[in-house]
Amino acid sequence: MNPETIKSELEANIPGCVLQLVTNASPCAQHSLLMDAEHAIAVATYLRDAAGLRMDFCSNVTGIDWPQREVSEKIKVKKLVDGVETEVDEVKKTVVPGYLEAVYHLYSMELKHGPVILRMRTQDRDAGVHLPSLMHVWRSADLQEREIFDLYGIIFDGHHDLRRLLMWENFVDHPMRRDYVDPDDYEYEPTAHDEVLRRAQQHRAEGGRQ
Amino acid sequence: MGSEETSAGVDVTGPMDEQLKAELSRQGIFTTTLQELYNWGRKNSLWPLNFGLACCAIEMIAATMARYDLARFGAEVFRPSPRQADLMIVAGTVTKKMAPQVIRLYNQMPEPKYVISMGACAISGGPFKQGYNVLKGIDRFIPVDVYIPGCPPRPEALLDAFMSLQKMIDEQHLTGATRPRHLRADRPSEFQLPEFGAHDLEPSSNPAVWQAPLVQIKTGNNESGDD
């Protein structure tokens, strides 16, 4: 299961589809395919039905929160130093806007191969959190997409029953997002340390609820 | 027969002399009090409510099976209805979403009723204490009689908790200031159900049942940790 060949096969068979190979540098080398929301259902259906692939089993769907981050890279810039043009190292900082990601792990029961890993990214973390639902391609994505909606806040368009799964109905916010602040119930922490200690001290200092 | 002791020198209003009781028993005369009979009956027929919340429930089930045989303690009849149960074994992680249902089940149980908080999660939230959806101990909402530490506790620990609870029941007085809750009209048998709030249960604990114990936390600027 070479992701490069799958990528070129998909791009050849689905018009207008452009995939991006997201490489994994760790020893497992499980590279994944990043697809755009527009062609997601076509890609998924092709992966499921194509004769050589037959990805009939969606074993896992999960979410990732990528908050806005600053990437600094060193670049060489030509500058005039004392009238002489020299190359100077400069740190260039770029802000990568945040987004949410849904990851699908696919296997083939029929041909006994896999996994193929698909990724989809939302536009941002606020309003543009819509992605197409793949639950009509793999029924097993149904509850998993509900869980991602609950914990990360990705709205899966086309999902037949997009309700919260783990949290209660009128819960506000999405607890697996990295900027989620949990409620201040640090009144009793017998063995507090690190972050919990900091929160417990803060609770004391502010005279929080008892 | 020790006729001297029975005829004179015995305070009839106080509890019976243990020596006299033992002596009578040796002679084939069984004596008891209503309190003893009542407690003996209750402690040997504790019917637990049939529910489990997480992996501790597996140990609870194991405790009822042939190897550990909870039936020896008169507690083999797990009741699927709270109306028929005396004992609630909170076996496992209580999520905030599940907590009102657990408290409602407790409220529906008839008095006298007891609670065993089984495992680290039911006691304090355990490894999930700082999680977003785990209650930091069921004792924040309902009174707990016996705590069993462990993750999960072995069936022997549950048996030990049963025996502790039986001992506790055996020592209860039916009259006087120390009588148990179910014999006091002024004590509640139902407890407040929390509402689902925006981020947490409202209220997050019942102050009538649970108050945060005082813990010394250094308020200085140390980052290494508590002592």
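A.B. asks: Tell me about the interface of chain B and chain A, residues and numbers included.
C.D. replies: Facing 26 residues of chain B, the contacting portion of chain A comprises 29 residues. Both sides of the chain B and chain A interface together cover about 2,600 Å² of buried area, and 53% of this is carbon and sulfur. At the surface where chain B touches chain A, the tally comes to four salt bridges. Note that K136 of chain B is salt-bridged to E189 of chain A, the shortest N-O span being 3.5 Å. One can count eleven residue pairs in polar contact (both at pLDDT 80 or more) joining chain B with chain A. The class makeup of the residues in the side of chain B that touches chain A is eight nonpolar, nine polar and nine charged.

A.B. asks: Would you mind going over the pairing of strand β1 (residues 87-91) of chain B in detail, with residue names and values included?
C.D. replies: All names here are of chain B. Taking burial as the measure, the five residues of β1 include five buried ones, the bulk of the element. Burial along β1 is two-sided: the face carrying L87, I89 and A91 and the face carrying M88 and V90 are both buried. Bridge count between β1 and strand β2 (residues 114-118): five bridges; the pairing is parallel. Across the sheet, the residue bridging to V90 is S117, located in β2. Considered for its hand, the β-α-β crossover made up of β1, helix α5 (residues 99-108) and β2 is right-handed.

A.B. asks: How would you summarise helix α3 (residues 141-151) of chain A if you had to cite specific residues and measurements?
C.D. replies: Residue and element names in this part refer to chain A. Counting buried positions along α3 gives eight out of eleven residues, so the element sits mostly inside the fold. Taken residue by residue, α3 has A141, D142, E145, R146, I148, F149, D150 and L151 as its buried positions. In this structure, the buried residues of α3 make contact with β3 (57-66), β6 (99-108) and β9 (155-157). Among the residues trailing α3, G153 stands out with phi positive, at a value near 90 degrees.

A.B. asks: Now, about the packing of aromatic side chains: what can you tell me, with residues and values included?
C.D. replies: Across all of its chains, the model carries seven aromatic pairs over all chains by this definition. In this structure an aromatic cluster arises from ring pairing among W168, F171 and Y180 of chain A together with F196 of chain B. If you follow K136 of chain B out to its NZ or CZ, it ends over the ring of Y186 of chain A, 4.5 Å from the centre. Residue placement shows R140 of chain B over the ring face of W210 of chain B; its charged tip is 4.0 Å from the ring centre.

A.B. asks: Give me the sheet that holds strand β1 (residues 20-22) of chain A: which residues, what numbers.
C.D. replies: Residue and element names in this part refer to chain A. Judged by pairing direction, the sheet is mixed, and its five strands sit side by side in the order β1-β2-β7-β6-β3 without closing on themselves. Edge positions in the open sheet fall to β1 and β3, since each of these has one partner strand only. Going from strand to strand, the sheet's axes swing by 30 degrees on average, the running direction of each strand aside. Both strand β2 (residues 32-35) and strand β7 (residues 113-121) contribute to a ladder of four bridges, which runs parallel. Directly across from M35, in β7, lies its bridge partner M120.

Basis of the calculations
Residues numbered from 1 in each chain as written. Chains lettered and ligands numbered in written order. Predicted model: local features only at pLDDT ≥ 70, side-chain atom pairs only at ≥ 80, totals over all residues. Heavy atoms only, no water. Contact = heavy atoms within 4.5 Å. Buried area = accessible area lost by both parts, 1.4 Å probe. Salt bridge = Lys/Arg side-chain N within 4 Å of Asp/Glu carboxyl O. Polar contact = N/O pair within 3.5 Å; in protein donor to acceptor, adjacent residues only side chain to side chain. Nonpolar A, V, L, I, M, F, W, Y, C, P; charged D, E, K, R; others polar. Buried < 20%, exposed > 50% of the residue type's maximum accessible area, 1.4 Å probe, protein only. Helix = DSSP H or I, 4+ residues; strand = E, 2+ residues; numbered from the N terminus. Pairing = 2+ DSSP bridges. Right-handed = clockwise from strand over helix to strand, strands pointing away. Phe/Tyr/Trp six-rings, centres within 6.5 Å; stacked < 30°, edge-to-face > 60°. Lys NZ or Arg CZ within 6 Å of the ring centre and 35° of its normal. Axes fitted to C-alpha atoms, helices over the stretch in contact; angles between N-to-C directions.

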